[in-house]
Amino acid sequence: MQIIFFDLDDTIISTKKTNLKIFEKVRAKLGIEADKDEFRKKLRTILRTHMLNIGYFNENESIGIDPIDYYFFKAEYPFGDIDSFKEKVFLDLKKEYDKKFSSKDLENALYDCKMDYTETIEGMKKLLAKLKRTHQTGLITNGISQVQRNKIKAAKLEALFDHVFISGDYGFGKPDPKFYSLIIEITKANPSKSVMIGDNIQADYFGSKAAGMKSIYFSNKEVPYEVTKAKTADELSNLLNELIL
């Protein structure tokens, strides 16, 4: 069986752009008057620093979590102490910006943005809808399951995929070839005929290639490798026409 697989973040959903808007909304909600770029960099640095101390480091890195995702998640988390993580982030942020806000204020400001991921890469939903009419389609994404499913729902992507695989459901993810091999086994996909498309050269391109799949690097960024590449949805559509004949 031939299946066309896609990454989610910054392949279909404009995640980086949405995250910029989220950081600005949080800054405004907390009443912090610092420059928006300075605040974003400061908060991201604090988030990343404390993610490394959250516990179960190997599992978190294998799943491929963005530290902001911990604030979009409200349930028991098996791979570390999220409450301790949030408190440390709050204390560091409070130290930087002497404003009257609580740890719960910070958590709520971020949690309220969990469904903001509505903007998609130009032309991608149209391409997915076209492919879905003639092929099996799949989504392979790293992250916390609940968070990634919220993004899929927010962007109205549920009906566009026959298969959805999220690393948080398995405890490991891209670029581990074993993750791709497991997906191939579950879906009964023919790896030599199936395609993986994504913006991360390691996780999406080389990970799937190591598992025997055709791979497409979908990005405007240059890389020091010889790769099969598309920069736009139109370019991707033309390339797929060649690869999936």
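A short tour of the structure in this document, coming up. (Residues numbered from 1 in each chain as written. Predicted model: local features only at pLDDT ≥ 70, side-chain atom pairs only at ≥ 80, totals over all residues. Heavy atoms only, no water.)

## A look at the overall build of the protein chain
A tally of helices and strands in the protein chain yields ten helices and six strands. Taking 2.2 N^0.38 as the reference for a compact globule, 245 residues should give roughly 18 Å; the C-alpha atoms of the protein chain span a radius of gyration of 19 Å, in line with that estimate. A total of 245 residues make up the protein chain; the buried ones form 50% of that total. Considering only contacts in the protein chain between residues 6 or more positions apart, those separated by 24 or more positions represent 64%. Approximately 11800 Å² of the protein chain is accessible, and the part contributed by carbon and sulfur atoms is 49%. The distance from the centre of the 39 positive side-chain charges to the centre of the 37 negative ones in the protein chain is 3 Å. (Helix = DSSP H or I, 4+ residues; strand = E, 2+ residues; numbered from the N terminus. Rg over C-alpha atoms; globule rule 2.2 N^0.38 Å. Buried < 20%, exposed > 50% of the residue type's maximum accessible area, 1.4 Å probe, protein only. Contact = heavy atoms within 4.5 Å. Areas by Shrake-Rupley, 256 points an atom, 1.4 Å probe, with all protein chains shown as cover. Lys, Arg positive; Asp, Glu negative; His and termini not counted. Charge placed at Lys NZ, Arg CZ, Asp CG, Glu CD.)

## Observations concerning the packing of helix α1 (residues 15-30) against helix α2 (residues 36-51)
Between α1 and α2, the least distance of the axes is 10 Å, while the angle of their chain directions is 100°. Here α1 is positioned roughly perpendicular relative to α2, judged by the angle of their axes. Judged by residue contacts, Asn19, Leu20, Phe23, Glu24, Val26 and Arg27 of α1 engage Lys36, Phe39, Arg40, Leu43, Arg44 and Leu47 from α2. Here the contact of α1 with α2 is composed, by residue class, of six nonpolar, one polar and five charged. (Axes fitted to C-alpha atoms, helices over the stretch in contact; angles between N-to-C directions. Parallel < 35°, antiparallel > 145°, perpendicular 65-115°, else oblique. Nonpolar A, V, L, I, M, F, W, Y, C, P; charged D, E, K, R; others polar.)

## A closer look at the pattern of salt bridges
Overall, the coordinates contain 19 salt bridges when judged by the stated rule. With a shortest N-O distance of 3.2 Å, aspartate 10 and lysine 16 are connected by a salt bridge. Looking at aspartate 10, the relative accessible area reads 18%, which means it is buried. Taking relative accessible area as the criterion, lysine 16 reaches 49% and is therefore assigned partly exposed. Put simply, glutamate 222 and lysine 229 hold a salt bridge, and the shortest N to O gap is 3.3 Å. Accessibility expressed as a relative area gives 60% for glutamate 222, which makes it exposed. Here the salt bridges do not stand alone but share partners, grouping Asp7, Lys174 and Asp204 into one network. (Salt bridge = Lys/Arg side-chain N within 4 Å of Asp/Glu carboxyl O.)

## Considerations on the sheet that holds strand β6 (residues 229-230)
On the basis of which strands lie adjacent, the open sheet formed by six strands has the order β3-β2-β1-β4-β5-β6 and parallel pairing. Of all strands in the sheet, those with a lone pairing partner are β3 (163-166) and β6, marking the two edges. Bridging between strand β1 (residues 3-6) and strand β4 (residues 195-198) involves three bridges; their strand directions are parallel. Looking at the pairing, phenylalanine 5 lines up with methionine 196 of β4. Sitting on the sheet, helix α7 (residues 145-154) touches β2 (136-141) and β3, and the angle it makes with β3 is about 140°. (Pairing = 2+ DSSP bridges.)

## With respect to the nonpolar core
Residues Phe6, Leu236 and Leu240 are the most contacted members of the largest nonpolar core, which totals 59 residues. Phe5, Ile183, Ala189 and Met196 belong to the second-largest nonpolar core, a separate cluster that totals twelve residues. (Core = buried A, V, L, I, M, F, W, Y, C linked by side-chain atoms within 4.5 Å.)

## Details of the side chain of threonine 15
Residue placement: threonine 15 occurs in helix α1. Here aspartate 9 takes part through its side chain, which lies 2.6 Å from a polar atom of the side chain of threonine 15. Those residues in contact with threonine 15, other than ones at most four positions away along the chain, are Asp9, Asp10, Tyr117 and Lys151. (Polar contact = N/O pair within 3.5 Å; in protein donor to acceptor, adjacent residues only side chain to side chain.)

## Thoughts on helix α6 (residues 124-132)
All buried positions along α6 are accounted for by Met124, Leu127, Leu128 and Leu131. Taken around the axis of α6, the buried residues stretch over an arc of 100°, which confines them to a single face. Close packing links the buried residues of α6 with β1, β2, β5 (214-218) and α10 (233-243). (Arc of directions from axis to C-beta.)

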